[in-house]
Amino acid sequence: MKRTLNTTINRSRNEKNDEHYTQLSDIEDEVRHYRAQFAGKTVLCNCDDPRCSNFFKYFTRSFEILGLKRVIATCYKSQDVDLFTQKTCGKAVYQIYDGDANGNREVDGDEIAVRELEGDGSFDSPECLRLLDEADIVVTNPPFSRFLDFLPLLVSRGKKFAIEQMQADHITPWAKGGKTTAENCQMLCADCNRRKSDA
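Report on the accompanying structure. (Residues numbered from 1 in each chain as written. Predicted model: local features only at pLDDT ≥ 70, side-chain atom pairs only at ≥ 80, totals over all residues. Heavy atoms only, no water.)

## Comments concerning the environment of Leu-117
Worth spelling out the cut-off: Secondary structure elements follow DSSP: runs of H or I of four or more residues count as helices, runs of E of two or more count as strands, with numbering from the N terminus. Burial classification: accessible surface area is computed with a 1.4 Å probe over protein chains only, and a residue below 20% of its type maximum counts as buried, one above 50% as exposed, and the rest as partly exposed. Two residues qualify as a contact provided that any one of their heavy atoms is within 4.5 Å of a heavy atom in the partner residue.
Tracing the backbone shows Leu-117 in the loop between β4 (112-116) and α5 (126-134). Residue class for Leu-117 comes out buried when judged on its relative accessible area of 1%. In the structure, Leu-117 is positioned eleven residues away from Cys-128 in sequence and 8.4 Å away in space, judged by C-alpha atoms. Among all residues touching Leu-117, those that are not within four sequence positions of it are Cys-75, Lys-91, Ala-92, Val-93, Tyr-94, Glu-127 and Cys-128.

The structure is reproduced here in structure tokens:
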């Protein structure tokens, strides 16, 4: 099998560095194509610290416009102050938003339920799997180092999902006779896939 430009994912996996941040404008631009599919649905952002996630921010602010039923966000427990965990905490948390309860068209802190997770908040922990089962749609930035565990989990549970910044790639391109098979396909970050040539 030929080597590909999968450097971002490979480097992240090797370094156990899963930091990735999606801009609010990118989320708005992408979701506008699928607005009707969100009506009446529960959205789970299960790899995004709800305290600083643009996914959680977008879906809570757009809750009524999209006609959502519920928004849930979870994150992995971390003591590190970094891009994903901007506050030092000893417990993993999840947050739930069920809409504008007081009718002021604002997302108020008292409308967001904050709950502690008993475990570490890993997307494959039993309590996070229960939240996954409650969700209709998953929108998140999965950890690059665990992507090969994350994607099959969503598929096996029948979830619709949007994984920002990831694209399917043919190792041997269609233009050169490549087929769409598990052996010939991989996930690349969007930048790597754009830079990859069909050579």
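And the narrative resumes.
## Topic: the nonpolar core
Rules: For this analysis, a nonpolar core means a set of buried residues of the types Ala, Val, Leu, Ile, Met, Phe, Trp, Tyr and Cys, connected via side-chain atoms within 4.5 Å.
Counting residues in each nonpolar core, the largest one holds 19 residues, and the members touching the most others are Phe-38, Phe-59 and Leu-68. Secondary structure elements with two or more residues in this core: α2 (24-31), β1 (42-45), α3 (54-61), α4 (63-66), β2 (70-74) and β5 (137-140). With four residues, α3 is the largest single contributor of residues to this core. Setting aside chain neighbours within four positions, we find Phe-38 in contact with Val-31, Val-43, Phe-59, Leu-66, Gly-67, Leu-68, Ile-137 and Val-139. In terms of nonpolar packing, the next biggest core, distinct from the first, is built from 17 residues, Leu-44, Cys-47, Ala-92 and Tyr-94 among them.

So, to be careful, I would describe these as geometric facts and stop short of saying anything about function.
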